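Spelled out, the chains give:
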Amino acid sequence: MRKGLIYIILSICILIAGIFSVGLGAVPIPAGEVFQLMLHKLGIYHMAQVNEQHNVIIFIVRFPRLLLAILVGAALGISGAAIQGIFRNPLAEPGLIGISAGGTLMAVAIIGLEGALLTGLSNIFGYYLLAFGAFVGAGITALLIYQISKHNGKPNVATMLLAGIAINALAGALTGLITYLSSEQQLRNITFWMLGSLGGATWQTVTCLAPFVLIPVLLLPASGKALNAFALGEMQAGHLGLDVNKTKRRVILLSTMAIGAAVSLTGIINFMGLLVPHIVRLVLGVDNKHVIPASALLGALTLIVADIISRTLIAPIELPIGVITALIGAPVFLYILIRDKRKLSFA
Amino acid sequence: MLTINNITYSVGQAKLLKDISFSIKPGEMVAILGANGAGKSTLLKMLAGTDQPESGSVSLHGRLLNSYTQLELAHQRTVLTQQNVVSLPFLVKEIVMMGRYPHFQHSPAAKDFHIVQTAMEATGVQAFADRQYPTLSGGEQQRVQLARSLAQVWEQPNALLLMDEPVAGMDILYQQQTLAILRSMAQKKFIVVSVLHDMNLASQYADRIIMMKRGRKWYDGTPAEVLNPKSVYEIFEIKADVFTNPSTLKQIIMPHEIVFEQSKTPLTH
């Protein structure tokens, strides 16, 4: 099957890009050695002499970063595809319509309230709390946007995008307000956190993020069929025997779980949720049974590559990864806008 | 058997349906006629179970419609709505397969593929099976949606077919073919209820016509019983001659020409 082959190709590409990415940096490590070290760690292959420095760099610094890129990329790709299915529009990018900002606001609020609630967010519990808070913020925002943009049982594109602008502005303002009210220590935490990059990756952040991403990645593909029916319209999907509200709840819950957790650890990385499903649809067609799982894989691959570019383009300076994804994603967004101009004007 | 018992429905102050009762037997093809805003689509929504009547009841095969689960209902009735915008460029065969969604969990069975194929052939869309839905014309899209709604209940005689203006946007050949398909479904003991605008199509194909006005059932009977100049004037406020075709004995409605009274004041740009 041609479609099954795509999954294999994507997985191989992720493996290759991953090994390449781990080798890159101030201390370059050849891909062959990375591969051997990996096998050595797994106990499959015995290396006569292990370079201790390389071993530490790879497994303490670069491996968590790679895993974070994979998890965040998969989260952004899969949730973009799923949210677009619910909103019945390929322009429904979680960052643009304010879902990510809702998550950010909640996370910043938690840091701002840190002193009152708990002391020290550096422990593993702190990460979980941040991730969970961002999930709640993202979930509430998604429901809000959906209700605002709904007209005659169908989300209206123009209202959705405009509501997104307003929610982004509102969340931005509230986030700003909290930072002004914060103590110096909290401010340091917020600023460090808002810089938003994969640079803060540790094994702690990776283990914290993993369940928030793996659960949606495993469960969302089962909603593919329901999301296809959604494309016909909410009422029509109901005529096909679908429990429309249950589907909506399930998909919004699972996708904001992934978005929220990702945002809480790396900040907002825009346009990933738009770019990735768009490319998948060009190659595989629009059937959500394939678009959803393939978007997770392509999302992971895209973020690994974006991370490689951000680290090497003007090395040794590291560009924020959002710059790279926006550079590619924004033109794609404009392209879809122009392509669908006629359809959108009376939507 | 579809039984509608004294249903009313209102939105805010506006009473959209008032005291409507009738029942339809399997094998009957019923056309619903009425002017814009007469309540035809609202009535269809009550029959579909999409909305609940304020009072009164709708039952299908002796069971209240609201006692069916969504999935049970999807096996027993299918709906073709007026507006069908598909948000992603699905292929035609993928859209028609969606009609089979109530019948399988993850992957369609051989039977589902077979029914999709048959439904596409019946509606004349198999030539576009691999084309993207948005690239089709309005009438072609409507035929694809018809194929999808037929595929949903294809092997389920007694099922209810609810069609809201099924021929909208179709050329005359496909208007005739669509109604011929619906009538053949009725002959297979389906219950067919179709909102139509064209009285002549209704006269040609329906066993029975229900005429609505201001949310009420006004006339109910065979085409010969209900189609006459008086009823046409009452329902549509147009004067018309009604002939009987001597060879088919079906009614033919010919509206009188309306002369548009030009306004005395010239139009300014």
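Residues numbered from 1 in each chain as written. Chains lettered and ligands numbered in written order. Predicted model: local features only at pLDDT ≥ 70, side-chain atom pairs only at ≥ 80, totals over all residues. Heavy atoms only, no water.

Enquirer: Is there a simple way to think about the interface of chain A and chain B in this case?
Expert: A common measure of how large an interface is: the accessible area buried when the components associate. On the side of chain B, 30 residues touch chain A, which itself brings 21 residues to the contact. When chain A packs against chain B, close to 2200 Å² is buried across both sides, 59% of that on carbon and sulfur atoms. When the buried surface of chain A facing chain B is broken down by residue, Lys225(A), His239(A) and Leu240(A) rank first, second and third, together holding 31% of it. Scanning the region where chain A abuts chain B turns up 0 salt bridges. Our enumeration of links across chain A and chain B arrives at 11 residue pairs in polar contact (both at pLDDT 80 or more). At the level of elements, helix H10 (224-230), helix H11 (234-239) and helix H14 (288-312) of chain A are the ones that each hand at least two residues to the side of chain A that touches chain B. Among the elements that make up the side of chain A that touches chain B, the one with the highest residue count is H11(A) (4 residues). Here the side of chain A that touches chain B is built from residues that sort into 8 nonpolar, 6 polar and 7 charged. (Contact = heavy atoms within 4.5 Å. Buried area = accessible area lost by both parts, 1.4 Å probe. Salt bridge = Lys/Arg side-chain N within 4 Å of Asp/Glu carboxyl O. Polar contact = N/O pair within 3.5 Å; in protein donor to acceptor, adjacent residues only side chain to side chain. Helix = DSSP H or I, 4+ residues; strand = E, 2+ residues; numbered from the N terminus. Nonpolar A, V, L, I, M, F, W, Y, C, P; charged D, E, K, R; others polar.)

Enquirer: What is the right way to read the nonpolar core from this model?
Expert: Grouped together as the largest cluster of nonpolar side chains are 150 residues, with contacts concentrated most on Phe87(A), Leu33(B), Leu161(B), Ile209(B) and Met211(B). Element by element, the count of residues in this core is highest for helix H3 (residues 52-87) of chain A, at 18 residues. Counting 29 residues, the second largest nonpolar core, distinct from the first, contains Leu2(B), Leu43(B), Leu65(B) and Val195(B). (Core = buried A, V, L, I, M, F, W, Y, C linked by side-chain atoms within 4.5 Å. Buried < 20%, exposed > 50% of the residue type's maximum accessible area, 1.4 Å probe, protein only.)

Enquirer: Honestly, the packing of aromatic side chains in this entry has me stumped. Any pointers?
Expert: Aromatic ring pairs are defined here through the distance separating the ring centres and the angle between the ring planes. For the structure shown, the criterion picks out 5 aromatic pairs over all chains. On the basis of an interplanar angle of 75° and a centroid distance of 5.3 Å, the ring pair of Phe87(A) and Tyr146(A) is categorised as edge-to-face. On the criterion of sequence distance, the pair formed by Phe87(A) in helix H3 and Tyr146(A) in helix H6 (residues 124-149) is long-range, its members being 59 residues apart. Judged by its relative accessible area of 1%, Tyr146(A) falls in the buried class. When the ring centre of Tyr174(B) is taken as origin, the NZ or CZ atom of Arg143(B), which lies over that ring, is 3.2 Å away. (Phe/Tyr/Trp six-rings, centres within 6.5 Å; stacked < 30°, edge-to-face > 60°. Lys NZ or Arg CZ within 6 Å of the ring centre and 35° of its normal.)

Enquirer: What should I look at first to understand the environment of Pro316(A) in this one?
Expert: Residue and element names in this part refer to chain A. Its place among the elements puts Pro 316 in the loop between H14 and helix H15 (321-339). Residue classification places Pro 316 among the exposed residues on the basis of a relative accessible area of 81%. Each C-alpha atom of the pair Pro 316 and Ala 26 lies 7.5 Å from the other, and the pair is 290 residues apart in sequence.

Enquirer: Just to check I follow, could you spell out the side chain of Thr205(A) for this structure?
Expert: Residue and element names in this part refer to chain A. Along the chain, the position of Thr 205 falls in helix H9 (residues 203-219). Using a relative accessible area of 4% as the deciding quantity, one classes Thr 205 as buried. If we ignore the near neighbours within four places in the chain, the residues touching Thr 205 are Leu 68, Tyr 127, Gly 200 and Leu 265.

Enquirer: Explain the pattern of salt bridges to me, please; I cannot follow it from the model alone.
Expert: Tallied over the full model, the rule gives 15 salt bridges over all chains. Of the charged contacts, one joins Glu318(A) and Arg65(A) as a salt bridge, the two residues approaching to 2.7 Å between their closest N and O atoms. Taken together, the positions of Glu318(A) in the loop between H14 and H15 and Arg65(A) in helix H3 put the pair 253 residues apart, joining distant regions of the chain. For Glu318(A), a relative accessible area of 37% gives the class partly exposed. Residue classification places Arg65(A) among the buried residues on the basis of a relative accessible area of 12%. Ionic pairing is found between Lys111(B) and Glu155(B), a salt bridge with its closest N-O pair at 3.4 Å. Remark: Glu155(B) occurs in the loop between helix H5 (138-153) and strand S7 (160-164) and Lys111(B) occurs in helix H4 (residues 110-122); sequence separation between them is 44 residues.

Enquirer: Before we go on, may I ask you to explain the sheet that holds strand S5 (residues 63-64) of chain B in this structure?
Expert: Adjacent strands of a sheet pair through backbone hydrogen bonds, lying either parallel or antiparallel. Residue and element names in this part refer to chain B. Taken in spatial order, the 4 strands of this open sheet run S2-S1-S4-S5, and their pairing is antiparallel. Both outer strands of the open sheet, strand S2 (14-24) and S5, are each paired with one neighbouring strand and no more. Bridging between strand S4 (residues 55-60) and S5 involves 2 bridges; their strand directions are antiparallel. Paired with Leu 60 across the bridge in S5 is Arg 63. (Pairing = 2+ DSSP bridges.)

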